[in-house]
Amino acid sequence: FGFPSPENVRARRRAQPFFEMYKAFPAGFFGRDDIEKGNMILLPPSAARHLTELHIEGPMLFRITNNAIGLSTHCGMLEFTAEEGTVVLPFWLLQHLALREGDDVSIESATLPKGTYVKLQPHKTAFIDLPNPKAVLENALRKYACLTKGDSIVIEFAGNTYEIDIIETRPHEAIMTIQTDLEVDFAAPKDYKEEPTLQKEPSWEFREESTPEKQQGNVWGGQGRRLDGRPAQEPPKPEPKEREYDPRKHRLVHGVRKTQSNQPQDYWERFSGGKTLK
């Protein structure tokens, strides 16, 4: 039967993944705020020895799972400096997995393909309003060893925190972002609202049609009717107002003419002296 060759032994060891259970704690408990920006974790020194025995080569990527609710994601490894039996996580990752301090998590080695494409959706429009959001993202992704579809990562810039959803990854739902050319695309932020566009009401334009009646001067053409169907009576014409007498408009054209009187010469003398009426 013979003995297996060293190459076969190494192949069998590589087929056996690293799998351990640890107590999860946030990085702030140990003053390691430097790992808050990314998805790198701290494992105990015993994990390093176990990984070496399994001949698992870097970059070391892991699948981390909250077995109580079946929620999992992927992460990278930064150092083997955690206390035995514990794993140190960024606080955002602890929240993402719905973990509390001291909860049990499983850590399993994973092999992920190099990513070629990722589509991101910021939670706030303020991120895409940055002077150069792609440069900010490129710098921040250097601290993320891998990305998993459905995760929400956190990016800090200029004292502000921005949450970003991973809504699509290629060629797999979990990809490695180390030493790869990654095409990045953005979806509209969650809080983005399109400005309402005012729809202009259609304008109605009335034009008079040329009819024989109008051409002949009869504008309305026909006789008006009341609501009961009877012919409408024309309203009475207003009586002309009396004008004030203007003597200038009643002048005699040729003045007063002297004419021969037909009365006798003593006609006016009869009224001389006057008489009193009693």
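About the criteria used
Residues numbered from 1 in each chain as written. Predicted model: local features only at pLDDT ≥ 70, side-chain atom pairs only at ≥ 80, totals over all residues. Heavy atoms only, no water. Core = buried A, V, L, I, M, F, W, Y, C linked by side-chain atoms within 4.5 Å. Buried < 20%, exposed > 50% of the residue type's maximum accessible area, 1.4 Å probe, protein only. Contact = heavy atoms within 4.5 Å. Helix = DSSP H or I, 4+ residues; strand = E, 2+ residues; numbered from the N terminus. Pairing = 2+ DSSP bridges. Phe/Tyr/Trp six-rings, centres within 6.5 Å; stacked < 30°, edge-to-face > 60°. Lys NZ or Arg CZ within 6 Å of the ring centre and 35° of its normal.

## With respect to the nonpolar core
Generally speaking, nonpolar side chains in soluble globular proteins are found buried as a group.
Stage number 1. In terms of nonpolar packing, the biggest core is built from 39 residues, with Phe 18, Leu 89 and Ile 153 touching the most fellow members.
Stage number 2. Not counting residues within four places of it along the chain, the set of residues in contact with Leu 89 comprises Ala 24, Phe 25, Pro 26, Ala 27, Ile 41, Ile 64, Leu 94 and Leu 99.
Stage number 3. Formed by 7 residues, the second largest nonpolar core is a distinct cluster that contains Leu 61, Leu 112, Cys 146 and Ala 174.

## With respect to the pairing of strand S7 (residues 117-122)
Stage number 1. Burial analysis of S7 places 5 of its 6 residues in the buried class, which makes it a mostly covered element.
Stage number 2. Taken together, the 6 bridges between S7 and strand S10 (residues 160-170) define a ladder with antiparallel strand orientation. Looking across to S10, one finds that Lys 119 is bridged to Glu 168.
Stage number 3. Direction of pairing for S7 relative to strand S12 (residues 183-186): parallel, over a ladder of 4 bridges.

## Some details on unusual backbone geometry
Stage number 1. Cis geometry marks the peptide bond from Gly 58 to Pro 59, where omega comes out at 0°.
Stage number 2. Position of Pro 59 relative to the elements: it lies in the loop between helix H2 (45-53) and strand S3 (61-66).
Stage number 3. The omega torsion across Arg 170 and Pro 171 is 10°, close enough to zero to call that bond cis.
Stage number 4. Of note in this structure, His 55 is not a glycine but carries a positive phi near 55°.
Stage number 5. Checked against the element boundaries, His 55 lands in the loop between H2 and S3.
Stage number 6. Taking the relative accessible area as the measure of exposure, His 55 reaches 30% and is therefore partly exposed.

## Some remarks on the packing of aromatic side chains
Stage number 1. Counted under the stated rule, the structure contains 6 aromatic pairs.
Stage number 2. Among the aromatic side chains, those forming a connected cluster through ring pairs are Phe 25, Phe 29 and Phe 30.
Stage number 3. Over the ring of Tyr 117 we find Arg 170; its NZ or CZ atom is 4.0 Å from the centre of that ring.

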